Amino acid sequence: MDTKSSINLRIEAGTRALIDEAASALGKTRTDFMVESAREKAIDVRLDQRLFVLDDDRFDAFAAALENPPAPGPKLTALLRRVPAWRTRVFSDQVA
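Read on for a plain summary of the structure. None of the values given here were measured: they were computed from a predicted structure.

## Let's talk about the overall build of the chain
Right, on to step 1. Summing up its helical and strand segments, the chain has five helices and zero strands in all.
Right, on to step 2. Taken from the N to the C terminus, the helices and strands of the chain come in the order α-α-α-α-α.
Right, on to step 3. Taken against the 2.2 N^0.38 rule, which gives 12 Å for 96 residues, the C-alpha radius of gyration of the chain at 20 Å runs more than 25% over that of a compact globule.
Right, on to step 4. Along the first, second and third principal axes, the C-alpha set of the chain runs to 50 × 45 × 25 Å.
Right, on to step 5. Residues counted as buried form 4% of the 96 residues belonging to the chain.

## Concerning a negative patch on the surface
Right, on to step 1. Side chains of Asp 55, Asp 56, Asp 57 and Asp 60 sit close together on the surface and give a patch of like negative charge.
Right, on to step 2. Tracing the backbone through its elements, the reader meets Asp 55 in the loop between helix H2 (30–48) and helix H3 (56–67).

## Describing a nonpolar patch on the surface
Right, on to step 1. Side chains of Phe 52, Leu 54, Phe 59, Phe 62 and Leu 66 sit close together on the surface and give an oily, nonpolar patch of about 500 Å² of accessible area.
Right, on to step 2. Considering the arrangement of structural elements, one finds Phe 62 in helix H3.
Right, on to step 3. Residue classification places Phe 62 among the partly exposed positions, given a relative accessible area of 33%.

## Side note on the packing of helix H1 (residues 13–25) against H2
Helix-helix packing is characterised by the crossing angle of the two axes and by the distance between the axes.
Right, on to step 1. Taken N-terminus to C-terminus, the directions of H1 and H2 make an angle of 95°; their axes are 9 Å apart at the nearest point. Between H1 and H2, the interaxial angle falls into the category roughly perpendicular. Here H1 contributes Arg 16, Ile 19, Asp 20, Ala 22 and Ala 23 to the contact with H2, which in turn contributes Arg 30, Phe 33 and Met 34.
Right, on to step 2. In the contact of H1 with H2, the residues fall into five nonpolar, no polar and three charged.

Rules and cut-offs
Residue numbers here run from 1 along each chain, matching the order of that chain's written sequence. Side-chain atom pairs in this predicted model are given and counted only at pLDDT of 80 or more, local residue features only at pLDDT of at least 70, and totals for whole chains, interfaces and linings cover all residues. Each side-chain value is worked out from all heavy atoms of the structure, with water and hydrogens disregarded. Each helix corresponds to a stretch of at least 4 residues labelled H or I by DSSP, and each strand to a stretch of at least 2 residues labelled E; elements are numbered beginning at the N terminus. We compute the radius of gyration over the C-alpha atoms and compare it with the globule rule, which gives 2.2 Å times the number of residues raised to the power 0.38. Throughout this description, buried means an accessible area under 20% of the type-specific maximum (1.4 Å probe, protein chains only), exposed means over 50%, and partly exposed covers the range between. Like-charged residues are merged into a patch within 9 Å and nonpolar side chains (Val, Leu, Ile, Met, Phe, Trp, Tyr) within 5 Å, provided each residue has over 30% relative accessible area and no salt bridge. Per-residue and other accessible areas were derived by the Shrake-Rupley procedure at a 1.4 Å probe size, with only the shown protein chains allowed to occlude residues. For salt bridges, the criterion is a side-chain nitrogen of Lys or Arg within 4 Å of an Asp or Glu carboxyl oxygen. Just so you know, the count uses Lys and Arg for positive and Asp and Glu for negative, and it drops His and the chain ends. Taken as the charge centre is NZ of Lys, CZ of Arg, CG of Asp or CD of Glu, depending on the residue. Axis definition: a line fitted to C-alpha atoms, limited for helices to the stretch in contact. Angles are taken between N-to-C directions and run from 0 to 180 degrees. For this classification, under 35 degrees means roughly parallel, over 145 means roughly antiparallel, 65 to 115 means roughly perpendicular, and everything else is oblique. The contact criterion used is simple: two residues touch if any of their non-hydrogen atoms lie within 4.5 Å. Each residue gets one label: Ala, Val, Leu, Ile, Met, Phe, Trp, Tyr, Cys and Pro are nonpolar, Asp, Glu, Lys and Arg are charged, and the others, such as Gly, are polar.

Here it is as structure tokens:
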């Protein structure tokens, strides 16, 4: 049996407006958007906490890959040079 319960939150008006706009853009209700977003984040956190075990050869290959990543390509370099939307004045003014 799938029982439901409620969670009550107090948030700033600007944050609520941002959530409402994002939910609307996806055709979702505020509740559906918040539950889905929180659930996805919770799954990501849990997956990041998982332990994985490798034999010596695979661990060495894994460590070597971490220590020697490939050089960034032109698309990644361009992406990293862009100013994120949340740091632009236009976006900040819309949220506030």
